[in-house]
Amino acid sequence: VISFGEGNAAKLSGVVAQTCEVLRPQFDQALFWRCAPGKDDLALQAFRQACPDVEVAEVRDLVHGPLPIGQRDAMVTTRFHPHLLAARIGIPGYYFVDSEYYRVKHSSVVSLGSGFLPFTEEEPPTRFVRTGEEMVVRDADRVAAKRKVANRIYAPDAPAPLRREGHPAVAAEEPPGTGAQR
């Protein structure tokens, strides 16, 4: 599975070559996740030139259908969400970053126990290494803890959130009967 964004297309030549020439032959199929139609087109074009058999999963398929990934798959990505989703089910992979913003985002998934490794052009990967079991093992407990918090926040009988007067995020309420509309 391949997922790359627009900002990376100009810097991708080495990543595309390594992915298509060395990593791609290890699998029956190559799938490009198009997470942002239009924005991912340059990267998709680069991969289509290097891997003519690459198939495309559109964002609507990713949102409305089951994820097109399984335990026998691997991933190369620049995008945060594909990394997170793949790591949660134990898929091995590499992430490529070209900015501090994405370094921080990918590091957050790695800190949760993702087995993804950084893809560097200085030492390009030659095979996928399966690690990251911690994230898979702890996933159910993490989901349960998040649901517990969400249920406390969004439960029908939950108290209204505290409102601080003068806080810029809190709109001033009009006195009753003033006719002001929202």
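The numbers attached to residues start from 1 for each chain and follow its sequence in the written order. Local features in a predicted model are, by the rule used here, given only for residues with pLDDT of at least 70; side-chain atom pairs are given and counted only at 80 or more, and totals for whole chains, interfaces and linings are based on all residues. Note: side-chain values were computed over all heavy atoms of the structure, leaving out hydrogens and water.

Engineer: Outline the overall build of the chain, supporting the account with residue identities and numerical values.
Structural biologist: We count a stretch as a helix when DSSP gives it H or I for four or more residues in a row; a strand needs E for two or more, and each element gets its number in order from the N terminus. Helices and strands together make up the secondary structure of the chain, namely six helices and six strands. What you see in the chain, going N to C, is helices and strands ordered as β-α-β-α-β-α-β-α-β-α-β-α. Out of the 182 residues belonging to the chain, those deemed buried represent 34%. Here's how the labels work: a residue is buried when its accessible area is under 20% of the maximum for its type, exposed when over 50%, partly exposed in between, all with a 1.4 Å probe on protein chains only.

Engineer: Break down the pairing of strand S2 (residues 31-34) for me, citing the residues and quoting the values.
Structural biologist: Side chains of S2 alternate between two faces, with Leu31 and Trp33 and Phe32 and Arg34 buried alike. Strand pairing requires that DSSP identify at least two bridges connecting the strands. Here four bridges tie S2 to strand S3 (residues 55-58), and the two strands are oriented parallel to one another. Bridge pairing links Phe32 to Val56 in S3. Classification remark: right-handed applies to a crossover when, strands pointing away from the viewer, the course from the first strand over the helix to the second runs clockwise. In this region the chain leaves S2, passes through helix H2 (residues 41-50) and returns to the parallel neighbour S3; the handedness of that crossover is right-handed.

Engineer: Please provide a residue-by-residue account of the packing of helix H1 (residues 13-23) against H2, values included.
Structural biologist: At a minimum axis distance of 9 Å, the contact between H1 and H2 shows a crossing angle of 40°. Considered as vectors, H1 and H2 are oriented oblique to each other. Between H1 and H2 lies a crossing of right-handed hand. Residues Val16, Thr19 and Cys20 of H1 lie in contact with H2, whose contacting residues are Ala46, Phe47 and Ala50. Residues are grouped as follows: Ala, Val, Leu, Ile, Met, Phe, Trp, Tyr, Cys and Pro are nonpolar; Asp, Glu, Lys and Arg are charged; every other residue, Gly included, is polar. Of the residues assigned to the contact of H1 with H2, the class counts are five nonpolar, one polar and no charged. Axes here mean lines fitted to C-alpha atoms, for a helix over just the part in contact, with angles spanning 0 to 180 degrees between N-to-C directions. Should an angle fall under 35 degrees it is called roughly parallel, over 145 degrees roughly antiparallel, and 65 to 115 degrees roughly perpendicular, with every other angle called oblique. Two helices crossing with the near one rotated counterclockwise from the far one by less than a right angle form a left-handed crossing, whereas a clockwise rotation gives a right-handed crossing. We call two residues in contact when some of their heavy atoms are within 4.5 Å.

Engineer: Go over the packing of helix H4 (residues 80-88) against helix H6 (residues 133-154), please, and point to the residues and values.
Structural biologist: Contact pair H4 / H6: the axes reach a minimum separation of 8 Å and the direction vectors enclose 100°. With respect to H6, the axis of H4 lies roughly perpendicular. Note on element contacts: H6 touches H4 through Met135, Val136, Asp139 and Val143, opposite Leu84, Ala87 and Arg88. Split into classes, the residues belonging to the contact of H4 with H6 amount to five nonpolar, no polar and two charged.

Engineer: Just give me the short version of the side chain of His106, but keep the residues and values in it.
Structural biologist: Looking at the element boundaries, His106 is found in helix H5 (residues 100-111). Given the relative accessible area of 0%, His106 is considered buried. Among the polar contacts listed, one links the side chain of His106 to the backbone oxygen of Thr78, at a separation of 2.8 Å. Beyond its immediate stretch of four places on either side in the chain, His106 contacts Thr77, Thr78, Arg79, Phe80, His83, Tyr95 and Val97. For the purposes of these results, a polar contact is taken to be a pair of N or O atoms within 3.5 Å, where, inside protein, one atom must be able to donate a hydrogen and its partner to accept one; residues adjacent in sequence count only when each atom of the pair is a side-chain atom.

Engineer: With reference to specific residues and values, describe H6.
Structural biologist: The terminal C-alpha atoms of H6, which comprises 22 residues, lie 32 Å apart, in line with the 32 Å expected from a rise of 1.5 Å per residue. At Asp139, H6 shows its maximal kink, close to 45°. Taken residue by residue, H6 has Met135, Asp139 and Arg142 as its buried positions. On the buried face of H6, the contacting elements are H4 and H5. Each helix should span, by expectation, one fewer than its residue count multiplied by 1.5 Å. The bend reported for a residue corresponds to the angle between axes fitted to the seven residues ending at that residue and the seven starting there.

Engineer: I'd love a proper account of the packing of aromatic side chains, names of residues and values included.
Structural biologist: Only the six-membered ring of Trp is used, alongside the rings of Phe and Tyr, when aromatic pairs are assigned; centres must lie within 6.5 Å, and planes under 30 degrees apart are stacked while those over 60 apart are edge-to-face, with the rest tilted. Per the counting criterion, the structure on display carries six aromatic pairs. Seen from their ring centres, Phe27 and Phe128 are 5.6 Å apart, and the 75° between their planes marks the pair as edge-to-face. Here the residue Phe27 occupies a position in the loop between H1 and S2, and Phe128 occupies one in the loop between strand S6 (117-118) and H6, the gap between them amounting to 101 residues. The class of Phe27 is partly exposed, set by a relative accessible area of 24%. With relative accessibility at 15%, the residue Phe128 sits in the buried group.

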